Amino acid sequence: MQNMKTLLAAAVLAGTATSAAAAPITIDDFASNPFNATLGAEGASDSDTSTLANGIVRSILFERLANGGTVASGANSELSVSEGLLELANDSNVDSQLTLSYDIDSLFDTNGITGFDLLVNNVGTSGDSTVEALLNGTSLGIVTLGNGANGEISFSFSDAVAAGNPDTLEFVFNGSPSYDLLIGPITADVPEPGALGLMGLGLLGVAAASRRGRAA
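If you're wondering where the values come from, they're calculated on a predicted model, not measured in any experiment.

### What about the overall build of the protein?
Move 1: Secondary structure summary: the protein contains four helices and 13 strands in total.
Move 2: Residue pairs in contact within the protein that sit at least 24 positions apart in sequence constitute 71% of those at least 6 positions apart.
Move 3: Counting only carbon and sulfur atoms, one obtains 54% of the accessible surface of the protein, whose full area is about 10,800 Å².

### So, the sheet that holds strand E12 (residues 168-175)
Move 1: Reading across from one edge, E3-E4-E7-E12-E9-E10 is the order of the six strands in this open sheet, with antiparallel pairing throughout. The sheet is open, and its two edges are formed by strand E3 (45-51) and strand E10 (138-145), each paired on a single side. Mean inter-strand twist for the sheet, computed between neighbouring axes without regard to direction, equals 10°.
Move 2: Sheet analysis places strand E9 (residues 129-135) next to E10, joined by seven bridges and oriented antiparallel. Looking at the pairing, Thr-130 lines up with Thr-144 of E10.

### Quick look at the packing of aromatic side chains
Move 1: Summed over all chains, the structure comprises three aromatic pairs.
Move 2: Ring plane angle 55° and centroid distance 6.2 Å describe the contact between Phe-155 and Phe-171, whose orientation is recorded as tilted. Here Phe-155 is found in strand E11 (residues 150-156), whereas its partner Phe-171 is found in strand E12, with 16 residues between them in sequence. With respect to burial, Phe-155 and Phe-171 carry one shared label: buried.
Move 3: Cluster of aromatic residues (ring-pair linked, three or more members): Phe-108, Phe-116 and Phe-157.

### Some details on the pattern of salt bridges
Move 1: Applying the stated criterion across every chain yields a total of one salt bridge.
Move 2: Here Arg-58 makes a salt bridge to Asp-28, at a shortest N to O gap of 3.0 Å. Residue Arg-58 is found in strand E4 (residues 57-65), and its partner Asp-28 is found in strand E1 (residues 25-28); the two are separated by 30 residues along the sequence. Taken as a pair, Arg-58 and Asp-28 share a single burial class, namely buried.

### Observations concerning the nonpolar core
Move 1: Within the largest apolar cluster, 41 residues are counted, with the highest numbers of intra-cluster contacts made by Tyr-102, Phe-116 and Phe-171.
Move 2: Of the residues forming this core, the biggest block, four residues, is contributed by strand E13 (residues 180-189).
Move 3: Every residue in contact with Tyr-102, bar those within four places of it in the chain, is listed here: Ile-27, Asp-28, Phe-30, Leu-52, Ile-56, Val-57, Arg-58, Asp-167, Thr-168, Leu-169, Phe-171 and Ile-186.

### Focus on the confidence of the model for the protein
Move 1: Overall, the predicted model of the protein reaches an average pLDDT of 79, with 76% of residues at or above 70.
Move 2: The model gives residues 1-20 a pLDDT under 50, and that stretch makes 18 contacts with residues more than four places away or in other chains.
Move 3: In the model, residues 195-215 has pLDDT below 50 throughout and makes 14 contacts with residues more than four positions away in sequence or in other chains.

### Let's talk about the side chain of Arg-64
Move 1: Tracing the sequence through the fold places Arg-64 in strand E4.
Move 2: Despite its burial, Arg-64 pairs with no opposite charge, the nearest such side chain being Glu-42 at 5.1 Å.
Move 3: Among the polar contacts listed, one links the side chain of Arg-64 to the backbone oxygen of Leu-39, at a separation of 3.2 Å.

### What to know about unusual backbone geometry
Move 1: A positive phi is found at Phe-30, a non-glycine position, where the angle reads about 55°.
Move 2: By the element assignment, Phe-30 lies in the loop between E1 and strand E2 (35-39).

### Overview of the environment of Ser-176
Move 1: Turning to its location among the elements, Ser-176 is positioned in the loop between E12 and E13.
Move 2: You can call Ser-176 partly exposed: its relative accessible area is 28%.
Move 3: Along the backbone, Ser-176 and Asp-128 are 48 residues apart, and their C-alpha atoms lie at a distance of 5.7 Å.

### Here we look at the side chain of Asp-105
Move 1: Tracing the backbone through its elements, the reader meets Asp-105 in helix H2 (residues 105-110).
Move 2: Of the side chains bearing the opposite charge, Arg-58 lies closest to the buried Asp-105, which forms no salt bridge; the N-O distance is 19 Å.
Move 3: Not counting chain neighbours up to four residues away, the residues in contact with Asp-105 comprise Asn-165, Pro-166 and Asp-167.

### Regarding the environment of Asn-67
Move 1: Topologically, Asn-67 is positioned in the loop between E4 and strand E5 (77-82).
Move 2: Under the relative-accessibility criterion, Asn-67 is labelled partly exposed at 26%.
Move 3: Placed 28 residues apart in sequence, Asn-67 and Asp-95 show a C-alpha to C-alpha distance of 6.6 Å.
Move 4: Contact partners of Asn-67, with chain neighbours within four places excluded, come to Glu-42, Asn-93, Val-94, Asp-95 and Pro-177.

Thresholds applied
- Residues numbered from 1 in each chain as written.
- Predicted model: local features only at pLDDT ≥ 70, side-chain atom pairs only at ≥ 80, totals over all residues.
- Heavy atoms only, no water.
- Helix = DSSP H or I, 4+ residues; strand = E, 2+ residues; numbered from the N terminus.
- Contact = heavy atoms within 4.5 Å.
- Areas by Shrake-Rupley, 256 points an atom, 1.4 Å probe, with all protein chains shown as cover.
- Pairing = 2+ DSSP bridges.
- Axes fitted to C-alpha atoms, helices over the stretch in contact; angles between N-to-C directions.
- Phe/Tyr/Trp six-rings, centres within 6.5 Å; stacked < 30°, edge-to-face > 60°.
- Buried < 20%, exposed > 50% of the residue type's maximum accessible area, 1.4 Å probe, protein only.
- Salt bridge = Lys/Arg side-chain N within 4 Å of Asp/Glu carboxyl O.
- Core = buried A, V, L, I, M, F, W, Y, C linked by side-chain atoms within 4.5 Å.
- pLDDT = per-residue confidence, 0-100.
- Lys, Arg positive; Asp, Glu negative; His and termini not counted.
- Polar contact = N/O pair within 3.5 Å; in protein donor to acceptor, adjacent residues only side chain to side chain.

Spelled out as structure tokens, the structure:
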């Protein structure tokens with residue numbers, strides 16, 4: 001009986017020790033595949049598609065929007081991706097939209113992804129901006145950032161939303177004219193290992209040891 005208690009305690013401790021949260025998976029750290037664009041007229045756009053160091057294919061669509069307001073001659077929308085940061089800047093009364101798309105089918109093949117996080121800073125006092133996340137074309141929600149808002153934004157989803165092939169993740173950034181954004185790493189959340197499942201494996205070991213003891 002004492003041996004059984006010892007094995008059971010070991011199984012519980014093993015399940016507890018290994019149930020710590022797994023490290024998030026980096027989708028885009030903006031450290032490689034630099035891209036720069038300047039849009040000098042309403043209706044102008046620029047795009048880029050490249051394979052990141054982790055094998056994920058990233059597509060960028062940067063569009064300058066018409067807002068009906070007075071815009072000074074030479075005013076621009078600018079986008080820069082380099083050295084671990086994406087920077088979007090609009091001159092006074094200029095509006096734009098940025099769409100980041102990622103082919104993340106390989107992540108769902110090998111990991112139990114439950115959501116996505118990104119760091120966003122709505123720079124200055126130019127107005128609100130919005131971030132919408134979509135998975136396989138289904139919206140995961142829209143977050144509004146007020147002036148000077150700075151922090152991590154999280155989006156979660158159900159298994160039903162994740163169904164589909166290929167698995168395409170999109171982030172759409174928009175806002176009031178003149179808005180500026182700084183965007184940091186985008187990561188995928190990995191669930192904690194199932195403590196109950198691990199404990200179940202431990203208890204199977206206990207049962208096997210018990211049978212061996214009786215057989216002896």
